[in-house]
Amino acid sequence: GGGGRTDNATMSVDHELHFGSTDFGFSKEKDVVLKVIVITMSALSVMGSSLIIFSYMAWKDIRSTSRKLLVFLSICDFVTALFNGVGVVAGEQYLVHHHGSVVAYNEPTHFCIAQSVLNTYSSVGSFLWTTGVGVYLYLSIVHTAAKAERSVPVLHVFCWGVPAAVVGAALGWGALGYDPNVTVGWCWLRSFESDAQNQMWRLVAGKGWEMTSYIVVPILYILVKRKMRSQRTLQAEAQTLLTPSARVAVQEADRKLVVVPLVFVLLRLWGTVRFIMDWYDNGARGHYFFLAVLQAFGDSGQGFANSLLFCVWTKRVRDHFPCCWRLSNKCDSKASGLHGNSRSINDMTRFKNAGFIEQVQVEE
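Note on numbering: residues in each chain are counted from 1, in written sequence order. Local features in this predicted model are restricted to residues whose pLDDT is 70 or higher, and side-chain atom pairs enter the listing and the counts only when it is 80 or higher, whereas totals over whole chains, interfaces and linings include all residues. Each side-chain value is worked out from all heavy atoms of the structure, with water and hydrogens disregarded.

Across its full length, the protein carries 13 helices and 4 strands. The cut-offs for exposure are 20% and 50% of the maximum accessible area for each residue type, with area from a 1.4 Å probe on protein chains only; residues under the lower value are buried, those over the upper are exposed, and the others partly exposed. Per-residue burial for the protein yields a buried fraction of 52% across its 364 residues. Pairs at least 24 apart in sequence give 74% of the contacts found in the protein among residues at least 6 apart. Accessibility throughout is a Shrake-Rupley quantity obtained with a 1.4 Å probe, and a residue counts as covered only by protein chains that appear here. As displayed, the protein has an accessible area near 16400 Å², and 65% of this comes from carbon and sulfur atoms. Put simply, DSSP H or I for four residues or longer makes a helix, DSSP E for two residues or longer makes a strand, and each gets a number counted from the N terminus. Should any heavy atoms of two residues lie within 4.5 Å, those residues are considered in contact.

Here is the structure:
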């Protein structure tokens, strides 16, 4: 029995360890840098996600369906960030060391499997809810509010159900575990002897949904932005119909339609780049430390980025924090209203209901 286990461990090392002698395949100094980045970004994202959830629960005036969907996304981001950080801190539990080098892989511990389950579920859920928020925004502005509201139950089934199916399949197949060539220190998937199996599970358990989001989310936001710009009557009358603060609100909404998908892609892109590099040249990504650094920032940073976009840089939320009153008043004064024809009012109402114009009072 013992000899067979040693042979398996040796095969695992030959197949799985392509570079390096430390947790992430880099020097000890670089490993420390990666760990510090992951733990820092995880802590910031846990706090940022908590801020989004707290603000929704605490203040009724910011509650909307779009904000509620953002809360569901934040729950996923909270779990992802928390267990990414915990995984980096507890990473020694997944490896067997000999003279400072990795010599074999443990069978995944119960803690590692539990972390993999939660990480996989929350990561896939985060990609789906990010797309779901875009779908709701698209339906609200390009179509009708009623159609957007009817989509919410479908989004719940899809965004909670699909991650559960993915985790169930991965758990049943024994695909969950730890491989330092895949993540920056946390448990996700183990390594199979077949490269085809490795790539298949990475696609099914995260990367496939992630790359789909890269395509779908920007398209949805581009369509929404086109719809806003196509309201030529609103644009032509904006100088006379909108107060200065209302014009600031429209400009802020327009900027968010660019920034939100851009931030999402820039944060998550680097892990995908490493995945693609590994697909085409197994182990090559280990030589690119800067990509590991960018992945360490991005994979744990979504909750923090969303809190900046939807709390710190959103006036209605900022106004609730005394420490931000000065910043809020500097950015723009309290809106005094919108006056104009019914078409312009209806367009502005749709943008406001979708959650992108939050400080304009619409007078009908």
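That was the structure; now back to the text.
Secondary-structure assignment places Gln-115 in helix H4 (residues 110–142). Polar contact criterion, stated in full: a pair of N or O atoms within 3.5 Å, where within protein one must be able to donate a hydrogen and the other to accept it, and residues adjacent in sequence count only if both atoms are side-chain atoms. A polar contact is formed between the side chain of Gln-115 and the backbone oxygen of Phe-83, at a distance of 3.1 Å.

Our focus in this paragraph is the nonpolar core. If you look at the biggest cluster of nonpolar residues, it comprises 43 residues, and the most contacted ones within it are Leu-69, Trp-129, Leu-189, Tyr-221 and Val-224. Mapped onto this core, the elements with two or more residues apiece are helix H3 (65–89), H4, helix H5 (145–173), strand E4 (188–189), helix H6 (195–230), helix H8 (244–280) and helix H10 (302–312). Here this core gets 9 residues from one element, more than from any other, and that element is H4. Only buried residues count toward a nonpolar core, which is a set of Ala, Val, Leu, Ile, Met, Phe, Trp, Tyr and Cys residues joined through side-chain atoms within 4.5 Å. If you look at the next biggest cluster of nonpolar residues, it comprises 11 residues, including Val-184, Trp-186, Phe-289 and Val-293.

Time to look at the environment of Val-71. Mapping Val-71 onto the fold places it in helix H3. With 17 residues separating them in the primary sequence, Val-71 and Phe-54 have C-alpha atoms 9.1 Å apart. Once residues within four sequence positions are removed from consideration, Val-71 is found in contact with Ile-52, Ile-53 and Tyr-56.

Like-charged residues within 9 Å of one another, or nonpolar side chains (Val, Leu, Ile, Met, Phe, Trp, Tyr) within 5 Å, are grouped into patches, provided each residue has over 30% relative accessible area and no salt bridge. Here, a salt bridge means any Lys or Arg side-chain nitrogen found within 4 Å of an Asp or Glu carboxyl oxygen. On the surface, Ile-215, Ile-219 and Leu-223 cluster together into a nonpolar patch covering about 260 Å² of accessible area. Locating Ile-215 in the fold gives a position in helix H6.

Pairs of cysteine sulfur atoms within 2.5 Å are identified as disulfides in what follows. One pass over the structure, following the stated rule, counts 1 disulfide. Not engaged in a disulfide, the cysteine Cys-159 finds its nearest cysteine sulfur in Cys-76; these two sulfurs lie 8.2 Å apart. Residue Cys-159 is classed as buried on the basis of its relative accessible area, which comes to 1%.

Between side chains of opposite charge, a pair can form as their charged atoms come close. Evaluated as defined, the whole model comprises 3 salt bridges. Residue Lys-207 is joined to Glu-210 by a salt bridge in which the shortest nitrogen-to-oxygen separation is 3.0 Å. On the criterion of helical spacing, the pair formed by Lys-207 and Glu-210 is a turn pair, its members being 3 residues apart in helix H6. In this pair, the class of Lys-207 matches that of Glu-210, namely buried. Between Glu-210 and Arg-268 there is a salt bridge; the shortest N-O distance is 3.3 Å. Of this pair, Glu-210 sits in helix H6 while Arg-268 sits in helix H8, and the two are 58 residues apart along the sequence. The buried category is assigned to Glu-210, whose relative accessible area is 1%. Its relative accessible area of 7% is what places Arg-268 among the buried residues.

Turning next to the packing of H3 against H4. The interhelical angle for the contact between H3 and H4, taken along N-to-C directions, is 150°, at an axis separation of 8 Å. Classed by the angle they form, the pair H3 and H4 counts as roughly antiparallel. The two elements H3 and H4 cross, and the hand of that crossing is left-handed. Any residue that is not Ala, Val, Leu, Ile, Met, Phe, Trp, Tyr, Cys, Pro, Asp, Glu, Lys or Arg is counted as polar, Gly included; the first ten are nonpolar and the last four charged. For the contact of H3 with H4, the residue count by class is 13 nonpolar, 13 polar and 1 charged. Throughout, an axis means a line fitted to C-alpha atoms (over the contacting stretch in the case of helices), and angles, computed between N-to-C directions, take values from 0 to 180 degrees. Small angles under 35 degrees read as roughly parallel and large ones over 145 as roughly antiparallel, with 65 to 115 read as roughly perpendicular and the rest as oblique. Crossing handedness follows the turn of the near helix against the far one: under a right angle anticlockwise gives a left-handed crossing, and clockwise gives a right-handed one.

Next up on the list: the packing of aromatic side chains. When two rings of Phe, Tyr or Trp (its six-membered ring) have centres within 6.5 Å they constitute a pair, described as stacked for plane angles under 30 degrees, edge-to-face for angles over 60, and tilted for the intermediate range. With the rule as written, the count across this model stands at 6 aromatic pairs. With a centroid separation of 5.2 Å and 40° between ring planes, the pair formed by Phe-72 and Trp-129 is classed as tilted. Of this pair, Phe-72 sits in helix H3 while Trp-129 sits in helix H4, placing them 57 residues apart in sequence. Aromatic ring contacts, followed pair by pair, group Phe-72, Trp-129 and Trp-160 into a single cluster. Criterion for a charge above a ring: Arg CZ or Lys NZ at most 6 Å from the ring centre, at most 35 degrees from the ring normal. The aromatic ring of Tyr-56 is capped on one face by Arg-63, whose charged end is 5.9 Å from the ring centroid. The lysine or arginine in question, Arg-190, covers the ring of Phe-192, its NZ or CZ lying 4.0 Å from the ring centre.

Here pLDDT means the predictor's own confidence in every residue, given as a number from 0 to 100. With 68% of its residues at a pLDDT of 70 or more, the protein shows a mean pLDDT of 76. Across the protein, the element-wise mean pLDDT spans from 38 in helix H1 (residues 2–16) up to 95 in H5. Within the model, the stretch residues 1–22 combines pLDDT values under 50 with 35 contacts to residues more than four positions away or in other chains.

Where H3 meets H10, the closest approach of the two axes is 9 Å, and the angle between their N-to-C directions is 155°. With respect to H10, the element H3 is oriented roughly antiparallel. Note that H3 runs across H10; the crossing there is left-handed. For the pair formed by H3 and H10, the contact residues are Arg-67, Leu-70, Leu-73 and Asp-77 on the first element and Gln-302, Gly-303, Asn-306, Phe-310 and Cys-311 on the second. Its residues placed into classes, the contact of H3 with H10 shows 4 nonpolar, 3 polar and 2 charged.

We now examine the environment of Trp-186. Residue placement: Trp-186 occurs in the loop between strand E3 (176–177) and E4. The exposure class of Trp-186 is buried, given its relative accessible area of 6%. Linking Trp-186 and Gly-85, residues 101 residues apart in sequence, is a C-alpha distance of 7.7 Å. Beyond its immediate stretch of four places on either side in the chain, Trp-186 contacts Val-38, Phe-83, Asn-84, Gly-87, Val-88, Gln-115, Asn-119, Tyr-178, Asp-299 and Ser-300.

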